[in-house]
Amino acid sequence: MYYSSTRDDSVRLTASEAVLKGLSDDGGLFVPSEFPKLSVSLDELADKDYKETAYTVMKGFLEDYTEEELKDCINKAYDSKFDTEEIAPIAEAEGAFYLELFHGKTIAFKDMALSILPHLLTTAVKKNKSDKEVVILTATSGDTGKAALAGFGSVPGTRIIVFYPKDGVSRVQKLQMVTQPDKNTMVVGVDGNFDDCQSEVKRIFGDSELRERMAKGGFQFSSANSMNIGRLVPQVAYYVYAYGKLVKGGRIKAGDCINVCVPTGNFGNILAAFFAKQMGLPIKTFICASNDNKVLFDFFKTGTYDKNREFVLTDSPSMDILISSNLERLIYLSCGCDAAKTKELMNGLSTKGVYNVTDDMKKFMDAFVGEYAVWDECADKIKSLYEDTGYVIDTHTAVAAASYDKYVKETKDKTVTVIASTASPFKFSRSVLKAIDKKYENFDDFDLIDELSKVANVDVPAAIDEIRNAPVVHNTVCKREEMKDLVLKNMGL
Ligand SMILES: *Cc1c(COP(=O)(O)O)cnc(C)c1O
């Protein structure tokens, strides 16, 4: 097995090379030449803990890592940084199974992968005898930034630069990033939205002249975005883990199909579920939940991807995205791994902002169902779920939960469903409490957090306490055109 590029058939890399590079020079994403099959039966999954499951899943994708290397990475990642030994516990509420992916250091699901990516990457550096300092270049819609900073902060041989949309993240998200103290970190607010940040980061990656200049200076880029296969692969594990736990709890029998419902932005999380299916996990339907930026909903309905529309700032900012990068991997798989075709469509996206898939491609994707929920629907869901069960979900999870309700209403499909719960409500306490009761409108952010702790009957996470009084160390704000210069300056080039 090897990794190729979605835009160039001739690319052949080992897993560790792909992790190290992050993004292909041609602008494409790395894809495995074949999907490994789960090496244990669905019955056996029931008794595996998170680390064992992660190993079972990841070893198939990361073939050139030795057992010792991979287990070492896993042990360093899924340790007491998580506030529960289960790592990804499941909460049942109103018949749905919420897979809580926010028990890591920065209380968003990005921790599931970004706790391990730095270890996979430094291992890749050693394996490939690279003598260059790795510069992690990252665009964030709010949560990747902090999770990557927490993962790479003070890791020797790396530096990390994070670009976030300066008016497009929550107060807590911003504070988490701009208070990151490590010397090897740089955090910059961009005068633009997430798509601007991500497109410019991709352009910088693709700049061959810059690459040469960096190589001479002793640097090489890598990515902490879900464009990096080293971020996608660890995400496959929690769907497999959830399945095992549902078997263990007697909720399903080994072999039964489940559905997954995922609040989606860059299409990384839901694609990881699709990868799990390719490995043999019985998943029937992938419910792809969007907020008002419902480009994916329209795509799965019509087969036309059209980003030419208003970019809406919502209460689920980590999903405010119109260019879902990881969809490119599904597009590539759907056209029979035709890199030329994928490249043609992606060119259409960057020049005209639109592309169409063929009927056959659409058919390949028919397990995906698009749904979406606007704020009123999400707020109603947060409120009713809280009032009926006492369980409080964050605004992104609410998009998924409200979308799931719509799906069930439309299809009457009663298949056991796992809803990816992607962030702690404490990260978005203003919006969450606004949904529960109007009286909170004029509260200060940190008062809201204390209030939420009482309402939800959950302790304030350490990630929040950390930033209460932490000094702001990153003040830089720039225009999109200035991003490259800041990157150069960071490296002293
Ligand atoms: C990143 C993020 C998402 C979207 O995940 P993708 O992999 O980009 O589709 C959803 N919810 C939260 C809280 C996130 O941080």
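Above this text you will find the structure in question.
The structure contained in this document is the topic of the report that follows.

Basis of the calculations
- Each residue is numbered by its place in its chain's sequence as written, counting from 1.
- Local features in this predicted model are restricted to residues of pLDDT 70 or higher, and side-chain atom pairs are both shown and tallied only at a pLDDT of 80 or more, whereas totals for entire chains, interfaces and linings draw on every residue.
- Computation of side-chain values covers all heavy atoms of the structure but excludes hydrogens and water.
- Secondary structure counts use DSSP, requiring at least four H or I residues in a row for a helix and at least two E residues in a row for a strand, with both numbered from the N terminus.
- Two things to know: the radius of gyration comes from C-alpha atoms, and the globule rule equals 2.2 Å times the number of residues to the power 0.38.
- Exposure categories follow from relative accessible area, calculated using a 1.4 Å probe and restricted to protein chains: below 20% of the type maximum is buried, above 50% is exposed, and the middle band is partly exposed.
- Note on contacts: a residue pair qualifies if any of its non-hydrogen atoms lie within 4.5 Å across the two residues.
- Here the accessible surface of atoms and residues is derived via Shrake-Rupley with a 1.4 Å probe, and residues count as covered only by protein chains that are part of the display.
- This count recognises Lys and Arg as positive and Asp and Glu as negative, with His and chain-terminal groups excluded.
- Lys charges are placed at NZ, Arg charges at CZ, Asp charges at CG and Glu charges at CD.
- Pairs of N or O atoms are called polar contacts if they sit within 3.5 Å, as long as, within protein, a hydrogen donor faces a hydrogen acceptor (for residues adjacent in sequence, only side-chain-to-side-chain pairs).
- Strand pairing follows a simple DSSP-based rule, namely that at least 2 bridges must link the two strands.
- To obtain each axis, a line is fitted to C-alpha atoms, and for helices this fit is confined to the stretch in contact; angles are then taken between N-to-C directions over 0 to 180 degrees.
- Each angle gets one of four labels, with under 35 degrees taken as roughly parallel, over 145 as roughly antiparallel, 65 to 115 as roughly perpendicular, and the rest as oblique.
- A crossing counts as left-handed when the near helix is turned anticlockwise from the far one by less than a right angle, and as right-handed when that turn is clockwise.
- It suffices for a single heavy atom of a residue to lie within 4 Å of a molecule or strand for the residue to be listed as near it.
- Residues were grouped as follows: Ala, Val, Leu, Ile, Met, Phe, Trp, Tyr, Cys and Pro as nonpolar; Asp, Glu, Lys and Arg as charged; and all remaining residues, including Gly, as polar.
- Only residues whose relative accessible area exceeds 30% and that form no salt bridge enter a patch; like-charged residues are grouped when within 9 Å of one another, and nonpolar side chains (Val, Leu, Ile, Met, Phe, Trp, Tyr) when within 5 Å.
- Criterion for a salt bridge: a side-chain nitrogen of Lys or Arg within 4 Å of a carboxyl oxygen of Asp or Glu.
- Within this scheme a cavity is a closed region of a 1 Å grid, computed over the protein atoms alone, that accommodates a 1.4 Å probe without allowing it to escape, whereas a pocket is open but has protein on both sides within 12 Å along at least five of seven lines; lining residues each have an atom within 4 Å of a point.
- Grid points are joined across faces, edges and corners, and a volume is the space filled by probe spheres set on the points.
- Aromatic rings from Phe, Tyr and Trp, with only the six-membered ring used for Trp, were paired whenever their centres fell within 6.5 Å, and each pair was classed as stacked if the ring planes differed by under 30 degrees, edge-to-face if by over 60, and tilted otherwise.
- Whether a charge lies above a ring is judged from NZ of Lys or CZ of Arg, which has to be within 6 Å of the ring centre and within 35 degrees of the ring normal.

## Notes on the overall build of the protein chain
And then number 1: Counting its secondary structure elements, the protein chain contains 22 helices and 16 strands.
And then number 2: Computed over the C-alpha atoms, the radius of gyration of the protein chain is 21 Å, within 12% of the 23 Å expected from 2.2 N^0.38 for a compact globule of 493 residues.
And then number 3: Along the first, second and third principal axes, the C-alpha atoms of the protein chain reach 60 × 50 × 45 Å.
And then number 4: The buried share among the 493 residues of the protein chain stands at 62%.
And then number 5: Residue pairs in contact within the protein chain that sit at least 24 positions apart in sequence constitute 75% of those at least 6 positions apart.
And then number 6: As presented, the protein chain carries roughly 18500 Å² of accessible surface, and 46% of it is formed by carbon and sulfur atoms.
And then number 7: Both charge centroids of the protein chain, one from 61 positive and one from 73 negative side chains, sit 2 Å from each other.

## Comments concerning the environment of Q220
And then number 1: Tracing the sequence through the fold places Q220 in strand β9 (residues 219-223).
And then number 2: Placed 89 residues apart in sequence, Q220 and D131 show a C-alpha to C-alpha distance of 9.5 Å.
And then number 3: Sequence-distant contacts of Q220, defined by excluding residues within four places in its chain, comprise L20, S130, K132, E133, V134, V135 and M214.
And then number 4: Only 3.1 Å separates the side chain of Q220 from the side chain of S130, close enough to count as a polar contact.

## Notes on the sheet that holds strand β1 (residues 3-5)
The pairing of strands in a sheet comes from backbone hydrogen bonds and takes either a parallel or an antiparallel form.
And then number 1: A sheet is described by the order of its strands in space; here three strands give the open sequence β2-β1-β3, paired in antiparallel fashion. The strands lining the two open edges of the sheet, one partner per strand, are β2 (8-13) and β3 (30-32). Adjacent strand axes in the sheet meet at a mean angle of 40°, parallel and antiparallel pairs treated alike.
And then number 2: The pairing of β1 with β2 spans two bridges and is antiparallel. What sits directly across from S5, in β2, is D8.

## A word on the packing of helix α3 (residues 50-61) against helix α11 (residues 229-248)
And then number 1: Contact pair α3 / α11: the axes reach a minimum separation of 8 Å and the direction vectors enclose 130°. With respect to each other, α3 and α11 are oriented oblique. Viewed along their axes, α3 and α11 form a crossing whose handedness is right-handed. Note on element contacts: α11 touches α3 through V233, P234, V236, A237, Y238, V240 and Y241, opposite Y50, T53, A54, V57, M58 and F61.

## As for the site of the ligand
And then number 1: K110, D143, G265, N266 and N269 are the nearest of the 15 residues found near the ligand.
And then number 2: N269 places a polar main-chain atom, nitrogen or oxygen, 2.9 Å from an oxygen atom of the ligand.
And then number 3: In the model, a nitrogen atom of the ligand is placed 2.9 Å from a nitrogen or oxygen of the T422 side chain.
And then number 4: In isolation the ligand offers 380 Å² of accessible surface; the protein chains occlude 98% of this area.
And then number 5: Its residues assigned to classes, the shell around the ligand shows five nonpolar, eight polar and two charged.

## Overview of the sheet that holds strand β8 (residues 185-190)
And then number 1: Here five strands make up an open sheet; going across it, the order is β9-β6-β7-β8-β16 and the pairing parallel. Here the strands that pair on one side only, and so sit at the sheet edges, are β9 and β16 (477-478).
And then number 2: In the sheet, strand β6 (residues 133-139) pairs with strand β7 (residues 158-165) via six bridges, with the strands oriented parallel. Bridging across to β7, I136 finds its partner in I160.
And then number 3: Of the strands in this sheet, β6, β7 and β8 touch helix α7 (residues 143-152), which is tilted by about 165° from β7.
And then number 4: Contacting β6, β7, β8 and β9, helix α9 (residues 194-205) crosses the sheet at an angle of about 150° to β6.

## Remarks on a negative patch on the surface
And then number 1: Residues D191, E481, E482 and D485 make up a contiguous surface patch of negative charge.
And then number 2: For D191, the location among the structural elements is in the loop between β8 and α9.

## Quick notes on the layout of surface pockets
And then number 1: For the largest pocket, the calculated volume is near 580 Å³.
And then number 2: Lining the largest pocket are 27 residues; nearest its centre among them are S199, K202, I323, L349 and S350.
And then number 3: Those elements that provide at least two residues to the lining of the largest pocket are α9, α14 (327-334) and α15 (339-352).
And then number 4: In terms of residue count, α9 provides more of the lining of the largest pocket than any other element does, six residues in total.
And then number 5: Considered class by class, the residues forming the lining of the largest pocket number eight nonpolar, nine polar and 10 charged.

## Some remarks on the packing of aromatic side chains
Each aromatic ring pair is described using two quantities: the centre-to-centre distance and the angle formed by the ring planes.
And then number 1: Applying the stated criterion to the full structure yields 22 aromatic pairs.
And then number 2: Both rings, one in Y238 and one in Y239, keep their centres 5.0 Å apart while their planes meet at 55°; by these two values the pair is tilted. Assigned by exposure class, Y238 and Y239 land together as buried.
And then number 3: Ring pairs connect the aromatic residues F267, F274, F286, F299, F300, Y305, Y355, F364 and F368, which therefore count as one cluster.
And then number 4: A cation over an aromatic ring shows up here: R12 above the ring of Y2, its NZ or CZ 4.0 Å from the ring centre.
And then number 5: The ring of Y372 is capped by K406, whose NZ or CZ atom sits 4.5 Å from the centre of that ring.

## Re the environment of Q278
And then number 1: Among the secondary structure elements, Q278 is positioned in helix α12 (residues 268-278).
And then number 2: Expressed as a C-alpha distance, the spacing of Q278 and F35, which sit 243 residues apart in the sequence, is 6.2 Å.
And then number 3: Filtering out sequence-adjacent residues up to four positions away, Q278 remains in contact with F35, P36 and K37.

## What to know about helix α13 (residues 295-302)
And then number 1: Summarising burial for α13: six of the eight residues are buried, a large majority.
And then number 2: Those residues of α13 lying buried are V295, L296, F297, D298, F299 and F300.
And then number 3: Each element contacted by the buried residues of α13 is listed here: β11 (283-290), β12 (304-306), α14, β13 (354-356), α16 (359-364) and β14 (368-372).
And then number 4: Of the residues one or two after α13, G303 is the one with positive phi, at around 85°.

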